[in-house]
Amino acid sequence: MSSMLGRVRATGCVLRRGFSSTKADYDVVIVGGGCGGIGAASQLLMKDRGLKIAIVEPSNEHYYQPGWTLAGANLLPMKSTVDEMSNVMPKKVTWVKQRCETFAPEENKVVTDGGELTYRTLLVSPGIRLNFDHVKGLEESLGKNGVCSNYSYNTVSFTRQFAESTKKGTFIFTS
């Protein structure tokens, strides 16, 4: 296995190298098939094509979230930010189309809703789960009075509508 695994750094990802002496199902298990997980798998395979990598991701669609700000500003068609997961999954990766349920790092194991996977190295990049309802009044305000969010495929259109209807002023984007 490539020594590169000890040096992987990706924003939003956690890398855990296992030291189990038992035979693992995979050299690397990646939890999350978003840009972080797929990008990390691609980078690892560029360095070592012989790595046996699995990506645990239940979704059929892949959303290119970095493009949503551009789509909200009407600089990129929204449809170009979504694709079938099978089209973006690296060819040499095993796509485990299941949901991650539990981590068992002492056993170098990930438990999914369909079974277990053992690994030598674990990379966790699950993305975010939105909770608009945790900010009082936010969910019912989205799309009204200039309240927008680019964090959801379903709410980017509010940003675009607001941008198109605004004749003058300043837009402020925060993260």
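Procedures and definitions
- Within every chain, residues take consecutive numbers counted from 1 along the sequence as written.
- Where totals are concerned, whole chains, interfaces and linings use all residues; where local detail is concerned, this predicted model gives features only for residues with pLDDT of at least 70, and gives and counts side-chain atom pairs only at 80 or more.
- Side-chain numbers here rest on the full set of heavy atoms in the structure, without hydrogens or water.
- Here a helix means four or more residues in a row that DSSP labels H or I, a strand means two or more in a row labelled E, and each is numbered from the N terminus.
- Residue burial is assigned from relative accessible area. The probe radius is 1.4 Å, only protein chains are included, and a residue is buried under 20% of its type maximum, exposed over 50%, and partly exposed in between.
- Contact between two residues is taken to exist if any of their heavy atoms lie within 4.5 Å; hydrogens are not considered.
- Surface accessibility follows the Shrake-Rupley procedure with a 1.4 Å probe radius. Residue values consider only the protein chains on display as shielding.
- Any two rings among Phe, Tyr and Trp, with Trp reduced to its six-membered ring, count as a pair given centres within 6.5 Å; such a pair is stacked if its planes are under 30 degrees apart, edge-to-face if over 60, and tilted if neither.
- Working rule: Lys NZ or Arg CZ, within 6 Å of ring centre, within 35 degrees of ring normal, means a charge sits over the ring.
- Put simply, a patch holds well-exposed residues, over 30% relative accessible area, that have no salt bridge, with like charges counted together within 9 Å and Val, Leu, Ile, Met, Phe, Trp or Tyr side chains within 5 Å.
- Salt bridges are defined as contacts in which a side-chain nitrogen from Lys or Arg sits within 4 Å of a carboxyl oxygen from Asp or Glu.
- In this text, buried Ala, Val, Leu, Ile, Met, Phe, Trp, Tyr and Cys residues form a nonpolar core when linked through side-chain atoms within 4.5 Å.
- Strands pair, by our definition, only if DSSP identifies at least two bridges between them.

### Some thoughts on the overall build of the protein chain
Step number 1: The secondary structure content of the protein chain amounts to five helices and nine strands.
Step number 2: Going residue by residue from the N terminus, the α and β elements of the protein chain occur as β-β-α-β-β-α-β-α-β-β-β-β-α-α.
Step number 3: Burial statistics for the protein chain: of 175 residues in total, 34% are counted as buried.
Step number 4: If you take every contact in the protein chain between residues at least 6 apart in sequence, the share linking residues at least 24 apart comes to 60%.
Step number 5: Roughly 11,000 Å² of accessible area belongs to the protein chain as shown, and the carbon and sulfur atoms make up 50% of that amount.

### Topic: the packing of aromatic side chains
Step number 1: Per the counting criterion, the structure on display carries three aromatic pairs.
Step number 2: Between Tyr63 and Trp68, the aromatic rings sit 6.0 Å apart at their centres with planes inclined by 65°, giving edge-to-face as the arrangement.
Step number 3: Of the residues examined, Tyr63 reaches a relative accessible area of 32% and is grouped as partly exposed.
Step number 4: An angle of 65° between the planes, with centres 6.1 Å apart, marks the rings of Trp68 and Tyr153 as edge-to-face. In this pair, Trp68 is assigned in helix 2 (residues 68-72) and Tyr153 in the loop between helix 4 (138-141) and helix 5 (156-165), connecting sequence segments 85 residues apart.
Step number 5: Assessed through its relative accessible area of 29%, Tyr153 is described here as partly exposed.
Step number 6: Sitting above the plane of the Tyr26 ring, Lys52 keeps its charged end 5.3 Å from the centroid.

### Regarding a nonpolar patch on the surface
Step number 1: Together, Ile128, Leu130 and Tyr151 give the surface a local cluster of nonpolar side chains, amounting to about 290 Å² of exposed area.
Step number 2: For Ile128, the position within the fold is in the loop between strand 9 (115-124) and helix 4.

### Let's talk about the nonpolar core
Step number 1: Counting residues in each nonpolar core, the largest one holds 14 residues, and the members touching the most others are Ile30, Ala41, Ile53, Ile55 and Val93.
Step number 2: Those residues in contact with Ala41 that sit more than four places away from it in its chain are Ile30, Ile53, Ile55, Pro90 and Val93.
Step number 3: Ala54, Val56, Leu117 and Val124 belong to the second largest nonpolar core, which has 11 residues in total.

### Some words on unusual backbone geometry
Step number 1: Of note in this structure, Asn108 is not a glycine but carries a positive phi near 50°.
Step number 2: Within the secondary structure, Asn108 sits in the loop between strand 7 (100-104) and strand 8 (109-112).
Step number 3: Phi at Asn145 is positive, roughly 55°, even though this residue is not glycine.
Step number 4: Examined against the element boundaries, Asn145 turns out to sit in the loop between helix 4 and helix 5.
Step number 5: The exposed category is assigned to Asn145, whose relative accessible area is 80%.

### Comments concerning the pairing of strand 3 (residues 53-56)
Every regular strand shows the same layout, with side chains that alternate between the two sheet faces.
Step number 1: Judged by which residues are buried, strand 3 turns out to be covered on both faces: Ile53 and Ile55 on one side and Ala54 and Val56 on the other are all buried.
Step number 2: In terms of strand pairing, strand 2 (residues 26-31) meets strand 3 through four bridges, oriented parallel. Its bridge partner lying in strand 3, Ile30 is registered against Ile55.
Step number 3: Bridging between strand 3 and strand 6 (residues 93-96) involves four bridges; their strand directions are parallel. Counted as the bridge partner of Ala54 is Thr94 from strand 6.

### Regarding the pattern of salt bridges
Step number 1: Taken as a whole, this structure holds three salt bridges when the rule is applied.
Step number 2: For Arg120, the salt bridge is made with Asp27, and the minimal N-O distance between the two is 3.8 Å. Separated by 93 residues along the polypeptide, Arg120 in strand 9 and Asp27 in strand 2 bring together distant segments of the chain.
Step number 3: A salt bridge links Lys109 to Glu107; the shortest N-O distance between them is 2.9 Å.
Step number 4: If you follow the salt bridges from partner to partner, you end up with Glu107, Lys109 and Glu116 in one network.

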